[in-house]
Amino acid sequence: MVSIISSAVLLGALAGCADTASSVPVSSAAPASQSEAVSSLPPQTEPVAATPLPHPVVTTPDEAVAQLQAGNATYMDAVINYGDIAPEVRADTAANGQTPYAVVLTCSDSRVPPEHIFSAGVGDLCVIRTAGNVVSDVELGSIEYGAEHLGAKGVVVLGHSGCGAVGAALDGHADGKIQSIGDEIKLGIGEESDATLA
């Protein structure tokens with residue numbers, strides 16, 4: 001059995017995914033030289049060794065939701081990803097295959113990395129990324145593969161605010177193949193003109 005989960009179903013646990021705008025101040029003044037640019041960077045500290053989270057054993061859709069929520073709770077306060085990416089895990093999944101506990105369909109926006117948002121490691125998630133979460137037969141086939149052949153117990157459709165693809169669809173300012181993405185989004189949102197509701 002597979003559970004289809006929207007980000008809204010995960011309740012407040014996905015609060016970190018909602019706002020992707022950066023709060024880092026950006027200076028409009030360019031540094032005069034490369035050495036000035038380097039000297040303006042914060043001082044380097046020794047890397048923090050993370051204790052990876054163990055590979056979750058998930059056997060039901062409810063356990064998949066609980067694991068996603070727990071991973072997101074870890075992410076909310078994290079400065080590094082605690083998912084297990086150790087060489088041993090990579091070797092094991094290469095030799096023995098993958099057993100993701102969830103399929104995540106999300107936007108290709110680089111500010112919405114599911115492996116980080118859910119504190120997941122190698123082999124934990126089957127991730128499908130496409131601009132604006134536009135789904136064709138290829139993405140549907142990938143979701144089916146994750147659920148039927150890899151044994152994922154949940155499917156999450158993870159949206160986010162500030163989506164450039166949705167904004168372009170609403171503005172109608174897309175060129176080339178990007179226009180086809182906008183056209184699909186417009187079909188999905190109909191007459192909606194508010195980006196936060198689209």
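Everything discussed here concerns the structure shown above.
From a predicted model like this one, the values you see are computed outputs, not experimental measurements. What you see as residue numbers is a count from 1 along each chain, following the sequence as written. The predicted origin of the model limits local features to residues at a pLDDT of at least 70 and limits the giving and counting of side-chain atom pairs to 80 or more, whereas totals for whole chains, interfaces and linings rest on all residues. Values shown for side chains rest on all heavy atoms present in the structure; no hydrogens or waters enter the calculation.

> Sorry, what's going on with the pattern of salt bridges here?
Pairing is possible between side chains that carry opposite charge, provided their charged atoms lie close to one another. By convention in these notes, a salt bridge is any Lys or Arg side-chain nitrogen within 4 Å of a carboxyl oxygen on Asp or Glu. Applying the stated criterion across every chain yields a total of 1 salt bridge. Here Arg111 and Asp109 are joined by a salt bridge, their closest N and O atoms 2.5 Å apart.

> Sorry, what's going on with unusual backbone geometry here?
Leaving glycine out, the prevailing phi sign among residues is negative, and the prevailing peptide bond configuration is trans. Positive phi, normally seen in glycine, also occurs at Ser119, with a value near 50°. In this text, helices come from DSSP runs of H or I with a minimum length of four residues, and strands from runs of E with a minimum of two, each type numbered from the N-terminal end. Considering the arrangement of structural elements, one finds Ser119 in the loop between helix H5 (114-117) and strand S3 (125-129).

> Sorry if this is basic, but what is going on with the pairing of strand S2 (residues 102-106) here?
Looking along a regular strand, one sees the side chains alternate between the two faces of the sheet. Counting buried positions over the 5 residues of S2 gives 5, a clear majority of the element. Each residue gets one of three labels from its accessible area relative to the maximum for its type: buried under 20%, exposed over 50%, partly exposed in between, using a 1.4 Å probe on protein chains only. Residues Ala102, Val104 and Thr106 of S2 are buried on one face, and the alternating residues Val103 and Leu105, pointing to the opposite face, are buried as well. Strands are treated as partners if at least two bridges between them are detected by DSSP. In the sheet, S2 pairs with S3 via 5 bridges, with the strands oriented parallel. Bridging across to S3, Ala102 finds its partner in Leu125.

> Honestly, helix H7 (residues 164-171) in this entry has me stumped. Any pointers?
Working note: α-helix, 3.6 residues per turn, so residues spaced by three or four point in the same direction. Within H7, burial applies to Ala165, Val166 and Ala169. Relative to the axis of H7, the buried residues are bounded by an arc of 100° and lie together on one face. Buried residues along H7 sit in contact with helix H8 (178-189). Positive phi appears at Gly172, one or two residues downstream of H7, with a value of about 70°. Of all possible arcs, the one meant is that of the directions from the helix axis to the C-beta atoms. Should any heavy atoms of two residues lie within 4.5 Å, those residues are counted as being in contact.

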